[in-house]
Amino acid sequence: MASSSIARVLSRQMHMSARRHALTKFSMPAMSPTMTEGGIASWKKAEGEKFTAGDVLLEIETDKATIDVEAQDDGILAKIIAPDGSKNVAVGSPIAIMAEEGDDLSGAAQMASEPSAAPSSPPKEESTPELPKTEAPKPTPSQAKPELAKGERIFASPIAKKIALERGIPLAQVKGTGPEGRIIREDIEKYQPPAAAASGVAATSSAPATSLPDYTDTPVTNMRRVIGSRLTQSKQELPHYYLTVQINMDKTIKLREVFNKTLGEKDKAAKLSVNDFILKAVACALNDVPEANSAWLGEVIRQYKKADISVAVATPTGLITPIVKDVGSKGLATISSEAKALAKKARDGKLAPQEYQGGTFTVSNLGMYDIEHFTAIINPPQSCILAVGTTQPTIVPAPEEERGFKTVNMMKVTLSSDHRTVDGAVGARWMTAFKGYLENPLTFML
């Protein structure tokens, strides 16, 4: 009896000891292949609260949407490390301490305060064998070299150029410490403009003579930061060219009225928009001119067999492009319902990654804002984006009419194309096909 009691006590102690060390750190998950950091929108469970598999633990803000994170197993949220509203949390960084039922939660706070192993950083771009060197005065971060003569070449690494562009730093004023004076990433990060350095010395000087106008600073969201970076990169690196045509929308408008009347008898909420016809015409034109349904991937040009069309949607936090998949195989009613559902999820920040990642062609429609004409920036690696303006009555020559003219509903569209993948003649053929489908929309049914 005594030996069995001792065994039970030892077993209980060993079980408790194992439980004491069962606390685990829960790290920021990667919600998409390209995600490197995110924000904590809100925790759905409180500290000490139990949860079961499938429960939503928290909402994470990515660069495109707010995504629910569900629990994979039963457990307890022992300690929250990254509270609601946390921004720029790196993927893999601890955001909470998790436990199982029966665990001792007293060590959660201590575990949360323990420094986590920093994620391994990639090797520096410029690494040259260093020779033993004597002590030499190092340049201070605020040092800047005189501007180079106009036209003189500046040597800098690609990442240094990118960071300098984002921060508005003139490379001509940065002193390079890389091989042969090449500007590297560390030089950009340590750079301080001469004016800033001088102001640091005279920090105690009197207030400026002129006061700044009133303003409000809005923190840059992850989504806005990514939008800015990608569109800047697209405009700088992609050789854009633009093709514009005017399209007679009279037949499309009349056909839409007929379809909406028929649909309204079955479902009053169902209603086709002009944009639904545009998406269908885009898909049909891509089937006729598949070279426009392509992507530049560096070593190869990928040509897609289906038209997965990204539709630009304005949200409170920025632009996002949910995807209507395989538009060519769908009817107008299906396209309309899917596009409306995706747009609502986009504005609510509830899109799943697979609903906005990918796409083979983009449509941006500002016609509802009475914009007559604009050009759009390509969404890489896609090759094309179509900018759609408003439809408005326009007087055109009509020799068959007694007056010699007539009024028609004209819509102006502009195709932005990547010249690396879509030559001008190819873009022109696509625009001709697209215009033909909208001016004769019954061809959708053939």
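Higher on the page you've got the structure.
Chains are numbered independently. Their residues run from 1 in the order of the written sequence. Where totals are concerned, whole chains, interfaces and linings use all residues; where local detail is concerned, this predicted model gives features only for residues with pLDDT of at least 70, and gives and counts side-chain atom pairs only at 80 or more. Values shown for side chains rest on all heavy atoms present in the structure; no hydrogens or waters enter the calculation.

**Looking at the nonpolar core**
Among the nonpolar cores identified, the biggest contains 70 residues, and Ile278, Val282, Phe361, Leu386, Trp430, Phe434 and Leu438 are the most heavily contacted of them. By size, the runner-up hydrophobic cluster in this structure holds 10 residues, among which are Ala164, Ile169, Leu171 and Tyr191. What makes a nonpolar core is a set of buried Ala, Val, Leu, Ile, Met, Phe, Trp, Tyr and Cys residues whose side-chain atoms join them at distances within 4.5 Å. Note on classification: 1.4 Å probe, protein chains only; a residue is buried when its accessible area is under 20% of the maximum for its type, exposed when over 50%, partly exposed between these limits.

**Topic: the packing of aromatic side chains**
Aromatic contacts are taken between Phe, Tyr and Trp rings whose centres are within 6.5 Å, Trp giving its six-membered ring; a plane angle under 30 degrees counts as stacked, one over 60 as edge-to-face, and the others as tilted. Here the structure, examined in full by the defined rule, presents five aromatic pairs. Relative to Phe434, the ring of Trp430 lies with its centre 5.1 Å away and its plane at 10 degrees, an arrangement referred to as stacked. Of this pair, Trp430 and Phe434 both sit in helix H10 (residues 424-439), four residues apart, roughly one helical turn. An identical accessibility class is assigned to Trp430 and Phe434; each is buried. Linked through ring pairs, Phe259, Phe277, Tyr437 and Phe444 together constitute an aromatic cluster. What counts as a helix is a DSSP run of H or I of at least four residues, what counts as a strand is a run of E of at least two, and both are numbered from the N terminus.

**Details of the pattern of salt bridges**
Salt bridges are defined as contacts in which a side-chain nitrogen from Lys or Arg sits within 4 Å of a carboxyl oxygen from Asp or Glu. A complete count under the given rule lists 16 salt bridges for this structure. Of the charged contacts, one joins Lys44 and Glu59 as a salt bridge, the two residues approaching to 3.9 Å between their closest N and O atoms. Here Lys44 is found in the loop between strand S2 (37-43) and strand S3 (50-51), whereas its partner Glu59 is found in strand S4 (residues 56-61), with 15 residues between them in sequence. On the basis of relative accessibility, which here comes to 13%, the residue Glu59 falls in the buried class. Close ionic contact of Asp348 with Lys344 constitutes a salt bridge, the shortest N to O distance being 2.9 Å. Of this pair, Asp348 and Lys344 both sit in helix H9 (residues 332-348), separated by four residues, roughly a single helical turn.

**Focus on the sheet that holds strand S16 (residues 361-365)**
Here the rule is simple: two strands pair whenever DSSP picks up at least two bridges between them. The strand order across the open sheet formed by six strands is S9-S18-S17-S16-S12-S15, and the pairing between neighbours is mixed. Of all the strands in the sheet, just strand S9 (240-248) and strand S15 (323-324) have a single pairing partner and so form its edges. As defined by bridge partners, S9 adjoins strand S18 (residues 405-418) across nine bridges and the pair is classed as antiparallel. Note that in S18 the partner of Thr244 across the bridge is Thr414. Any two residues whose heavy atoms approach within 4.5 Å are treated as being in contact. The axes used here are C-alpha line fits, helices contributing only the stretch in contact, and every angle between their N-to-C directions lies in the interval 0 to 180 degrees. Helix-sheet contacts for H10 involve S9, S16, strand S17 (384-397) and S18, and the interaxial angle to S9 is about 20 degrees.

**A few points about helix H8 (residues 274-288)**
Compared with the 21 Å implied by 1.5 Å per residue over 15 residues, the 21 Å span of H8 between its first and last C-alpha is a close match. A large share of H8 lies buried, amounting to 12 of its 15 residues. Those residues of H8 not exposed but buried are Asn275, Asp276, Phe277, Ile278, Leu279, Lys280, Ala281, Val282, Ala283, Cys284, Ala285 and Leu286. By this rule the span expected of a helix is its residue count minus one, scaled by 1.5 Å.

**Structural notes on the side chain of Ser294**
Within the secondary structure, Ser294 is located in strand S10 (residues 294-296). Residue classification places Ser294 among the buried residues on the basis of a relative accessible area of 1%. Not counting residues up to four positions away in its chain, the partners in contact with Ser294 are Ile301, Arg302, Gln303, Tyr304, Thr360, Pro381, Gln382, Ser383, Thr421 and Val422.

**Points about unusual backbone geometry**
The phi angle of most residues is negative, glycine excepted, and most peptide bonds adopt the trans form. A cis amide bond, omega 10 degrees, links Pro380 with the succeeding residue Pro381. Note that Pro381 resides in the loop between S16 and S17. Not every positive phi belongs to a glycine, and Asn88 is a case in point at roughly 50 degrees. Position of Asn88 among the secondary structure elements: in the loop between strand S6 (75-80) and strand S7 (89-90). For Asp326, which is not glycine, the phi torsion reads 45 degrees and is therefore positive. Looking at the secondary structure, you find Asp326 in the loop between S15 and H9. Residue Asp326 is classed as partly exposed on the basis of its relative accessible area, which comes to 22%.

**Section: the sheet that holds strand S8 (residues 94-99)**
Within the open sheet, the four strands sit side by side as S1-S8-S6-S3. Their pairing is antiparallel. With partners counted over all chains shown, the strands left at the sheet margins are strand S1 (24-27) and S3, one partner each.

**Brief notes about a nonpolar patch on the surface**
Taken together, the side chains of Met368, Tyr369 and Ile371 present a nonpolar region at the surface, about 330 Å² in accessible area. Structurally, the position occupied by Tyr369 is in the loop between S16 and S17. Look at Tyr369 and you get exposed, because its relative accessible area is 55%. Distance thresholds for patches are 9 Å for like charges and 5 Å for nonpolar side chains (Val, Leu, Ile, Met, Phe, Trp, Tyr), applied to residues having over 30% relative accessible area and no salt bridge. Only the protein chains shown count as cover for residues, and all accessible areas are computed by the Shrake-Rupley method using a 1.4 Å probe.

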